[in-house]
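A look at the structure
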Amino acid sequence: MSLDTVVIAQSTPDTKQPFAELGLRPDEYARIKEILGRRPTSSELAMYSVMWSEHCSYKSSKVHLKQFGDKAPKSDALLVGIGENAGVVDVGQGYAVTFKIESHNHPSFVEPYQGAATGVGGIVRDILTMGARPIAIMDPLRFGPADAPDTRRVLPGIVAGVGGYGNCLGLPNIGGEVVFDQTYAGNPLVNALCVGVMKHTDIKLAKAAGAGNLVVLFGAKTGGDGIGGVSVLASETFGAGGSTKRPSVQVGDPFVEKILIECSLEIFAEDLVVGIQDLGGAGLSCATSELASGGSGGMNVALDRVPLRDPSLSPEEILMSESQERMCAIVEPHKLSRFLEICAKWDVTVTAIGEVTDGDRLEITWNGELIVDVPPRTVAHEGPVYNRPLAQPAYIDEVNSQSVNVPIPSNADEIKAAVLKLAGAPNLADKSWVTSQYDKYVQGNTIQAQPDDSGMVRIDETTHLGVAISTDANANWSYLNPYQGAKLALAEAARNIATAGARPLAVTNCLNFGSPEDSGVMWQFAESVRGLADGCLEMGLPVTGGNVSFYNQTGTVAILPTPVIGVLGVIQDVRTRTPMSFSTSGLDLYLLGQTFEDLAGSEWAFLHGERVGQSPTADLAREMRLIELLLAGHEAKVFSAAHDLSQGGLSAGLTEMVLRYSVGATITLDNAGIDLLSETPGRVIVAIERSNTDVLKNLATQNEIPLNKIGVTGGESLTINGCVISLTELREAHTSTFPRLFG
Amino acid sequence: MRIGVITFPGTLDDRDAARAVNHGGAVAIPLWHAVADLKNVDAVILPGGFSYGDYLRCGAISRFAPVMKLVVEAAGKGMPVLGICNGFQVLCESHLLPGALTRNSDLHFLCRDQEIEIINNSTPWTNSFTVGEKIIIPLKNGEGSFQCDDKTLAQLEGEGRVVARYVGENPNGSRNLIAGISNARGNVVGLMPHPEHAIDPLTGPSAQGLGFFTSILNAMVK
């Protein structure tokens with residue numbers, strides 16, 4: 001079939017093009033024609049359609065996300081902010097850390113293993129692209145009901161995919177979440193976070209600068225996988241004899257990615273690139289247009305030079321292909337030979353496919369004929385922006401006006417039953433079934449991993465400098481009040497880092513929502529972003545980047561609003577970290593923070609099918625005082641253990657602590673039922689030697705944080721107001737859930 | 001004392017093995033799979049990972065690396081060789097050790113702190129342990145189930161070539177709970193769990209893996 005060139009496009013202005021099938025609206029198509037002064041070629045149409053998609057252009061979210069910039073707190077730590085592949089923060093000693101979280105939700109429902117695997121692969125390349133060595137990953141996951149048949153298909157596949165890819169890359173998996181809710185049936189959430197480390201001087205950016213510099217494609221060959229929507233074009237433009245249709249979910253090859261990581265790091269170490277971009281969503285369309293618009297704008301690319309796995313691919317398909325494990329670098333001509341040598345050492349396919357020009361157009365040719373001639377910024381950065389209608393959904397007033405109606409245990413038998421029920425609830429049960437499929441030891445720097453409050457890795461073996469990360473979301477609270485929900489998730493993630501003694505430094509986020517075309521969903525989104533931006537401003541934590549995933553819904557039912565917040569912190573000496581539990585008897589246990597009757601959105605309410613009431617209100621000033629208390633106590637070596645209370649409240653927190661090192665505790669509570677089940681935010685359990693009592697009391701007074709002694713450590717049981725639960729019984733309840741459900 | 005640590009494409013635990021070697025008191029020398037040069041090392045470690053992505057069979061492609069020809073020759077002359085995890089698999093594929101490592105019996109990748117018992121302390125890699133000593137080091141693999149025919153198993157047991165055994169429940173379906181074996185001469189040892197990840201309680205379950213790296217020093221001094 002014939003090639004659609006710029007010349008042909010000029011002479012055939014009335015050719016009908018399948019813009020609607022590619023997801024473009026008539027006004028968007030008209031705008032492309034206006035930008036180009038003619039109809040787009042089919043290759044240009046392919047590029048614009050994919051780059052102007054919701055996923056790539058953030059067209060529905062942009063107007064809201066700009067609050068992260070407008071409300072950004074002053075921070076000396078931020079070296080590279082939003083807009084690059086990942087943000088970079090200064091962690092001291094000349095080190096810079098980059099971290100980001102992304103979603104791969106839809107592919108993971110279609111093909112759980114490959115969807116999850118390539119989700120890990122994509123975020124790792126984003127981190128690598130900044131010039132950093134990836135050092136750890138985390139994976140917040142959400143599924144339909146734990147006992148639903150489809151969850152048994154989706155969960156094992158996703159867990160195996162995360163492990164299969166991450167393990168083969170040699171990246172320790174240091175944490176995440178596994179949460180179940182009906183609304184995620186059909187819409188599982190696979191969010192993947194990667195963190196990487198480099199020296200300040202090694203930061204790389206996605207820009208094509210310097211006329212005459214070469215555009216170099218390296219890594220895997222380009223195939224027909226992940227083409228997705230462009231198959232419409234292929235089938236319309238090309239008849240029989242064209243490439244066969246491939247799955248729209250990309251297929252990953254972690255071995256190639258591992259090689260690509262080592263090869264790239266060697267290339268970076270010798271300072272052989274001017275700019276670099278990985279090929280993820282929208283493949284070459286994205287990489288070439290973003291690199292060009294990151295520089296002066298001019299670039300020539302000979303598309304026929306791209307090495308192919310399938311020689312029958314059309315130029316449109318090559319531009320759209322999302323084949324994994326590919327990178328695109330801008331290289332000065334005199335450094336090319338060394339670049340090629342390093343690629344040869346690692347057996348990495350490498351091809352110079354074009355060069356930077358001093359013009360302002362991205363020009364792509366196919367066997368000498370011009371098939372793309374566009375201003376790259378219009379593709380990459382100046383896509384449509386929508387201020388979609390938003391309206392508070394009717395359910396909000398309805399649920400907020402009701403109060404939670406759940407049984408509150410009042411005698412020893414009921415207390416025991418409640419504690420055991422929570423210990424074994426799928427959302428709170430032991431996650432070893434999942435985490436034992438992930439390598440947490442590789443690289444030899446893992447200080448903390450699941451089930452600790454945060455993941456922690458050492459970044460310098462001599463100075464013992466380390467970073468800690470936690471990801472959190474409480475979608476039940478976000479459902480009741482998305483503004484407060486986002487703030488509360490931020491506070492929880494920050495607290496989870498501070499319990500270990502790390503100071504929170506920066507924020508990333510993965511915002512998972514239903515359809516932006518639903519005004520109620522759009523309101524949930526806008527409120528969540530506003531809450532997060534306000535929260536970050538108040539806590540002085542810059543947002544370094546993130547990801548938005550819309551259209552997580554089945555029919556008219558959207559997922560719970562699920563803003564997953566990741567907070568990264570720094571700890572000067574990982575050897576001094578405060579563990580999440582105690583390993584000796586005779587320590588005093590204190591509760592920091594006050595407990596109110598906060599059952600709305602709690603796990604106890606969830607277990608009783610109640611999703612009503614008012615979410616707690618975030619008090620971030622108090623949260624910050626609590627963090628200061630935790631950091632000061634860590635500094636003064638007051639704590640033998642510190643553990644955040646969140647989902648499942650005191651009941652879950654105590655269960656996790658006593659089982660961690662098999663040392664029991666005896667607890668006395670005034671109002672055991674509410675005290676155990678409430679999820680009032682901003683609370684932490686600490687264990688101290690009795691000799692530290694005065695120091696702790698002073699810290700609590702100074703920071704205006706309520707402090708109550710709740711018990712002592714020791715024994716073979718968790719005993720609450722005389723209700724004795726043996727550790728054996730508690731462990732059985734906590735650890736049997738996942739094996740029972742998933743084999 | 002120089003101990004070579006080989007990096008194949010897809011090797012992951014090479015830097016961890018080098019760190020453990022240095023902690024043990026020797027000097028780690030990086031060896032590259034494609035270069036046929038052992039750089040005058042006194043012993044060689046084949047670390048864990050997914051060399052060549054485990055394609056075809058674990059270790060099946062790495063055994064043809066130029067450096068492996070020299071390793072096989074040197075092992076035949078008595079040079080101590082330790083293969084950990086994927087390194088163990090490469091040693092089996094190279095026929096320096098008998099048997100094969102197959103998919104874990106539950107078909108999942110498994111990462112956990114594993115108790116093992118030292119059965120033979122006369123190898124250059126285990127001489128700092130006592131026979132019957134129990135240690136906890138990480139186990140992490142997808143294909144760690146040691147299999148061999150009955151005759152080989154009888155031979156391994158009869159000749160005292162089982163170096164270490166899993167304690168408690170069989171984690172992966174290995175025959176006779178075998179966690180590690182040696183060749184007839186005893187200089188070549190393959191071990192499924194990872195002693196290099198247990199050299200410091202800060203980053204591992206214990207420091208009990210260090211014994212493998214101090215043993216080799218003892219062996220050389222003798």
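Things to note about the overall build of chain B
- What chain B contains, in helices and strands, is five helices and 11 strands.
- Relative to the globule expectation of 17 Å for 222 residues, the C-alpha radius of gyration of chain B, 15 Å, shows essentially globular dimensions.
- By the burial criterion, 59% of the 222 residues in chain B qualify as buried.
- Restricting to contacts in chain B with at least 6 residues of sequence separation, those with at least 24 account for 74%.

Thoughts on the overall build of chain A
- In terms of regular secondary structure, chain A is built from 27 helices and 28 strands.
- For chain A, the spread of C-alpha atoms along the three principal axes comes to 85 × 55 × 45 Å.
- Buried positions account for 62% of the 743 residues belonging to chain A.
- Put simply, of all contacts in chain A between residues at least 6 apart along the chain, 85% involve residues at least 24 apart.

As for the sheet that holds strand β1 (residues 2–7) of chain B
Residue and element names in this part refer to chain B.
- Strand order in the open sheet formed by nine strands is β2-β1-β3-β4-β11-β10-β9-β6-β7, with mixed pairing between adjacent strands. The open sheet is flanked by β2 (27–32) and β7 (134–141), the only strands paired with a single partner. Averaged over all adjacent pairs, the angle separating strand axes in this sheet is 25°, with direction ignored.
- Pairing analysis gives six bridges linking β1 to β2, with the strands arranged parallel. From the neighbouring strand, T7 faces β2, where its bridge partner is W32.
- Running over the sheet, helix α1 (residues 14–24) touches β1, β2, β3 (43–46) and β4 (81–84) and is turned about 170° from β1.

Considering helix α25 (residues 693–702) of chain A
Residues and elements named next belong to chain A.
- Residues of α25 that are buried include every one of L696, L699 and A700, and no others. End-on view of α25: buried residues confined to an arc of 100°, all on one side of the axis. Opposite the buried face of α25, by more than 90 degrees, sit the exposed residues D694, K697, T701 and Q702.
- Close packing links the buried residues of α25 with β22 (588–592), α22 (620–635), β25 (684–688) and β26 (707–713).
- One or two steps after α25, the chain reaches E704, where phi turns positive at roughly 55°.

Considering the interface of chain A and chain B
- In this assembly, 24 residues from chain A lie in contact with 23 residues from chain B.
- If you list the elements that add at least two residues to the side of chain A that touches chain B, you get α8 (149–169), α10 (254–269) and β14 (446–448) of chain A.
- Ranked by residue count, the leading element in the side of chain A that touches chain B is α10 of chain A, at four residues.
- When its residues are assigned to classes, the side of chain A that touches chain B shows nine nonpolar, nine polar and six charged.

A short note on the nonpolar core
Residue and element names in this part refer to chain A.
- Of all hydrophobic cores here, the largest spans 310 residues; its most connected members are V195 and L490.
- With 10 residues, the top contributor of residues to this core is helix α19 (residues 482–498).
- Apart from the residues within four sequence positions on either side, V195 is in contact with V97, F99, I127, I135, A136, V467, I469 and L568.

Here we look at the packing of helix α23 (residues 649–660) of chain A against helix α26 (residues 727–735) of chain A
Residues and elements named next belong to chain A.
- Following both chains from N to C, one finds α23 and α26 inclined at 110°, their axes separated by 10 Å at the closest point. When the interaxial angle is binned, α23 and α26 end up roughly perpendicular. As α23 runs across α26, the sense of the crossing is left-handed. Contact residues: α23 offers T655, V658 and L659, while α26 offers L727, L730, R731 and H734.
- Here the contact of α23 with α26 is composed, by residue class, of four nonpolar, two polar and one charged.

Comments concerning the pairing of strand β13 (residues 369–374) of chain A
Residue and element names in this part refer to chain A.
- Bridge count for strand β12 (residues 362–366) against β13 is five bridges, and the pairing is antiparallel. Residue pairing in the sheet places T365 in a bridge with L370 of β13.
- As consecutive antiparallel partners, β12 and β13 are separated by two residues, and within that stretch N367 has a phi angle of approximately 50°, a positive value.

Quick notes on the environment of V131 of chain B
- Relative to the helices and strands, V131 of chain B resides in the loop between β6 (110–118) and β7.
- Beyond its immediate chain neighbours, meaning those up to four positions away, V131 of chain B contacts I118, I119 and N121 of chain B.

As for the sheet that holds strand β7 (residues 214–219) of chain A
Residue and element names in this part refer to chain A.
- With mixed pairing, the seven strands of this open sheet are ordered in space as β8-β10-β7-β11-β9-β12-β13. Every interior strand has two partners, whereas the edge strands, β8 (275–278) and β13, have only one. Across this sheet, the average inter-strand angle for adjacent strands is 25°, counted without regard to direction.

Some details on the confidence of the model for chain B
- Per-residue pLDDT for chain B averages 97, and the proportion of residues at 70 or more is 100%.
- Across the assembled chains, the prediction reports ipTM 0.96 with pTM 0.95.

Focus on the environment of E635 of chain A
All names here are of chain A.
- The topology assignment puts E635 in helix α22.
- Its 11 C-beta neighbours within 10 Å are what place E635 among the exposed residues.
- Separated by 59 residues in the primary sequence, E635 and T576 place their C-alpha atoms 8.5 Å from one another.

Quick word on the packing of helix α16 (residues 412–424) of chain A against α23 of chain A
All names here are of chain A.
- Axis separation between α16 and α23 bottoms out at 9 Å; the angle between their running directions is 70°. Judged on the interaxial angle alone, α23 and α16 are roughly perpendicular. Contact with α16, carried on its side by A418, V419, L422 and A423, involves S651, A652 and T655 of α23 and no other residues of that element.
- In the contact of α16 with α23, the residues fall into five nonpolar, two polar and no charged.

Concerning α23 of chain A
Residue and element names in this part refer to chain A.
- Here α23 contains 12 residues, and its C-alpha end-to-end distance of 17 Å stays within 8% of the 16 Å for a straight helix at 1.5 Å per residue.
- α23 sits mainly inside the fold: 11 of its 12 residues count as buried.
- Along α23, the residues classified as buried are G649, L650, S651, A652, G653, L654, T655, E656, M657, V658 and L659.

Overview of the environment of F525 of chain A
All names here are of chain A.
- Counting through the fold element by element, F525 comes out in helix α20 (residues 519–539).
- Measuring from C-alpha to C-alpha, the distance between F525 and P482 comes to 7.6 Å, with 43 residues separating the pair along the chain.
- In this view, F525 contacts S61, H64, L511, F513 and P516; residues no more than four positions away in its chain are not counted.

Quick notes on unusual backbone geometry
Residues and elements named next belong to chain A.
- Of note, the bond from Q450 into P451 is cis; its omega dihedral lies within 30 degrees of zero at 5°.
- Note that P451 resides in the loop between β14 and β15 (455–458).
- In the Ramachandran plot, N367 falls in the positive-phi region, its phi being about 50° despite a non-glycine side chain.
- Using a count of 10 C-beta atoms within 10 Å as the deciding quantity, one classes N367 as exposed.
- Even without glycine at this site, E704 takes up a positive phi of about 55°.
- Along the chain, E704 turns up in the loop between α25 and β26.

Some words on the pairing of strand β3 (residues 95–103) of chain A
Residues and elements named next belong to chain A.
- Of all nine residues that make up β3, eight are buried, and the element is covered over most of its length.
- Relative to β3, strand β2 (residues 87–92) runs antiparallel, the two sharing five bridges. Looking across to β3, one finds that D90 is bridged to A96.
- Where β2 folds back onto β3 in an antiparallel hairpin, the turn is made up of two residues, including Q93, whose phi is positive at roughly 60°.
- In this structure, β3 lies alongside strand β6 (residues 189–199), joined through nine bridges in antiparallel fashion. Bridge pairing in β6 places E102 opposite A192.

Cut-offs used in this document
- Residues numbered from 1 in each chain as written.
- Chains lettered and ligands numbered in written order.
- Predicted model: local features only at pLDDT ≥ 70, side-chain atom pairs only at ≥ 80, totals over all residues.
- Helix = DSSP H or I, 4+ residues; strand = E, 2+ residues; numbered from the N terminus.
- Rg over C-alpha atoms; globule rule 2.2 N^0.38 Å.
- Buried ≥ 20, exposed ≤ 12 C-beta atoms within 10 Å, placed from the backbone.
- Contact = placed C-beta atoms within 7 Å.
- Pairing = 2+ DSSP bridges.
- Axes fitted to C-alpha atoms, helices over the stretch in contact; angles between N-to-C directions.
- Arc of directions from axis to C-beta.
- Nonpolar A, V, L, I, M, F, W, Y, C, P; charged D, E, K, R; others polar.
- Core = buried A, V, L, I, M, F, W, Y, C linked by C-beta atoms within 7 Å.
- Parallel < 35°, antiparallel > 145°, perpendicular 65-115°, else oblique.
- Left-handed = near helix turned anticlockwise from the far one by under 90°.
- pLDDT = per-residue confidence, 0-100.
- Expected span 1.5 Å × (residues − 1).

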